[in-house]
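Breakdown of the fold
In case you want the letters, here they are:
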Amino acid sequence: MLIATNPATGEEIHRYPALSDSQLSAAIERSVTAFKAWKLSSFAMRAKLLKGVAARMRADKERLAKFMTVEMGKPINESYGEVEKAAWCAEHYAENGENYLSAIDLPSDATHSYVQHLPLGTILGVLPWNAPFWLAFRFCAPAIMAGNTCLMKHDEHVPACAEAIAELFTLECGAQGLPQGVMQNLPIHREQVESVIKHPAVQAVSLTGSSRAGSQVASLAASQIKPAVLELGGSDPSLVLADADIDAAVEALAISRIINAGQSCIAAKRLIVMDEVYEEFVEKLKVRLAGLKMGDPSDSATQVGPIARADLREGLHRQVQMTMEQGGKCLLGGEMPKGSGFFYPVTLLVDVTPEMQASCEETFGPIAVVMRASSEADALKIANDTPYGLAASIWTEDTEKALKMAPLIEAGQVTINGIVKTDPRLPSGGIKRSGYGRELGPHGIMEFVNIQQIWVGPKVCN
């Protein structure tokens, strides 16, 4: 059984039966059958499906958002925003996918030579709980627009979200007379994933999750000689230089750190601040964080909801306690609250150094970690002193300086004077233990296509 627990109360809310092996096989076969027709579909037909699904999401936003709030504790206003962002992703690829995948002429000794971009087949997406709708559409919208079919293995703790996502496609395919099986939910346990990856019909894998999960999935995919895209953990640095607009930096970094109760791979996790502005930054950040309201995620006034699971909260508290024992100072929070649910207070740790736990590990919660840098070179050194390389930000009034620093940061994404975020128009992904491959933008749709070379004779003699 897939069991969902409300993290705001700690109480079980519903159970969903997992697919049996025979049911799983049948689902994969439906995907194969659907692909035979879907790969021949026009871009206009694919776009119409994605736009129809987006319209259904927006029309049913209230119900869909509540699934997220109840199953994983996302504050309701953030849940509304996630539904809208998922719909935007579907619409973006509906409107731009054909152009992204257009054939490209390449000169050679042929009369005409070019490359075209063809679908691969059935693609498996293995997804986490922290952004159930957005991450599903980040995976499936480009894959479907490219002519692939999708199997979605969502996290076991958000079964209602997963079912609702698949239902959107079932209803819209039915309304448009399109083949069923273009996008399917696989309510299965982790131990069943291996058989799906190894199934000969599955052509590629996309995973968003931990570095450990990524290593396991990458090994399995490689053993079958199948491509994979991995978006894994992050310990994202934000460099606040001496000439930064401190008020703007504090506001943006506070929001970045507490969105989804800090449970985001690309959240600002290590705030690296220059000596000259360190005390000012810390004081203003403390005031901003102290004013945030933690509480019932279904209340529209709530800004910080619960941690998604009890074990995650325990791990977070361990990181905070170890960092304090290692010499870090806690200016806010840091204590396990009493009462029901998996809440953890907004916590501010300062004077953290690279060897401390909150710097060495990814902190997946509302924990702001502030580190001191003696120079810009020192800030860069601290930023890169991590096994991760997902995203980073630089705060300075000197944009030209930031543009020169950006290539020196070991990350797949660098934002200058703004919140690090994902955008359907721009590629997103990491390096090092943050994964490989890219999602979103023109690069994301290219991950799961056959880049086929065409050479047309006769040979041209020069």
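Keep in mind that this is a model prediction, so the values were computed, not measured.

Analysis parameters
Residues numbered from 1 in each chain as written. Predicted model: local features only at pLDDT ≥ 70, side-chain atom pairs only at ≥ 80, totals over all residues. Heavy atoms only, no water. Buried < 20%, exposed > 50% of the residue type's maximum accessible area, 1.4 Å probe, protein only. Helix = DSSP H or I, 4+ residues; strand = E, 2+ residues; numbered from the N terminus. Pairing = 2+ DSSP bridges. Right-handed = clockwise from strand over helix to strand, strands pointing away. Axes fitted to C-alpha atoms, helices over the stretch in contact; angles between N-to-C directions. Parallel < 35°, antiparallel > 145°, perpendicular 65-115°, else oblique. Left-handed = near helix turned anticlockwise from the far one by under 90°. Contact = heavy atoms within 4.5 Å. Salt bridge = Lys/Arg side-chain N within 4 Å of Asp/Glu carboxyl O. UniProt positions renumbered as here; feature names shortened; annotations may be inferred. Core = buried A, V, L, I, M, F, W, Y, C linked by side-chain atoms within 4.5 Å.

Considering the pairing of strand 17 (residues 413-416)
- Burial of the side chains of strand 17 is restricted to one face: Gln-413 and Thr-415 are buried, whereas none of Val-414 and Ile-416 on the reverse face is.
- Pairing analysis gives four bridges linking strand 16 (residues 391-395) to strand 17, with the strands arranged parallel. In the strand pairing of strand 17, Ala-391 is matched with Gln-413.
- Traced from strand 16 through helix 14 (residues 399-405) to strand 17, the parallel crossover comes out right-handed.

Some remarks on the sheet that holds strand 11 (residues 270-274)
- Taken in spatial order, the seven strands make up an open sheet running 12-13-14-11-10-16-17, and their pairing is mixed. Strands at the two margins of the open sheet, each flanked by one partner only, are strand 12 (329-332) and strand 17. Across the sheet, the mean angle separating the axes of adjacent strands is 20 degrees when strand polarity is ignored.
- Here four bridges tie strand 10 (residues 237-240) to strand 11, and the two strands are oriented parallel to one another.

Remarks on the packing of helix 3 (residues 61-72) against helix 4 (residues 76-100)
- Two numbers describe how helix 3 lies on helix 4: the axes approach to 8 Å, and their chain directions differ by 120 degrees. If you check the angle between helix 3 and helix 4, you find them oblique. Viewed along their axes, helix 3 and helix 4 form a crossing whose handedness is right-handed. Contacts from Lys-61, Glu-62, Leu-64, Ala-65, Lys-66, Met-68 and Thr-69 in helix 3 reach Ile-76, Ser-79, Tyr-80, Glu-82, Val-83 and Glu-84 in helix 4.

Considerations on the sheet that holds strand 5 (residues 122-126)
- Read from one edge to the other, the open sheet built from six strands follows the order 7-6-5-8-9-19, with strand pairing classed as mixed. Each of the sheet's edge strands pairs with one partner strand only, and the pair in question is strand 7 (183-185) and strand 19 (435-436).
- On top of the sheet, helix 5 (residues 132-145) reaches strand 5, strand 6 (149-153), strand 7, strand 8 (202-208) and strand 9 (228-231); it is set at about 165 degrees to strand 6, its chief contact.
- Across the sheet, helix 8 (residues 211-223) lies against strand 8, strand 9 and strand 19, angled at about 170 degrees from strand 8, the strand it touches most.

Describing the environment of Leu-230
- With respect to the element layout, Leu-230 can be found in strand 9.
- A C-alpha to C-alpha distance of 7.9 Å links Leu-230 and Gly-429, two positions 199 residues apart in sequence.

Concerning the pattern of salt bridges
- Tallying each qualifying case throughout the model produces 26 salt bridges.
- Between Lys-269 and Glu-362 there is a salt bridge, and its shortest N-O distance comes to 3.5 Å. On the criterion of sequence distance, the pair formed by Lys-269 in the loop between helix 9 (246-258) and strand 11 and Glu-362 in the loop between helix 12 (357-360) and strand 14 (367-373) is long-range, its members being 93 residues apart.
- Overall, Glu-362 belongs to the buried group, its relative accessible area being 19%.
- Taken together, the shared-partner salt bridges in this structure form one network comprising Arg-58, Lys-61, Glu-84 and Glu-91.

Some points on the UniProt feature "domain: Aldehyde dehydrogenase" (unreviewed entry) in the chain
- UniProt's feature table lists "domain: Aldehyde dehydrogenase" (unreviewed entry) at residues 5-453, given in the numbering used throughout.
- Secondary structure across residues 5-453 divides into 43% helix and 19% strand, with the first and last C-alpha atoms of the span separated by 50 Å.

Some thoughts on the nonpolar core
- Counting 57 residues, the largest nonpolar core has Leu-49, Met-57, Tyr-93, Phe-133, Phe-137, Ile-144 and Phe-169 as the members making the most contacts within it.
- Listing elements by their share of this core, those giving two or more residues are helix 2 (43-59), helix 3, helix 4, helix 5, strand 6 and helix 6 (159-176).
- With 11 residues, helix 5 is the single largest residue contributor to this core.
- Ala-244, Leu-316, Ala-379 and Ile-394 belong to the second largest nonpolar core, which has 55 residues in total.

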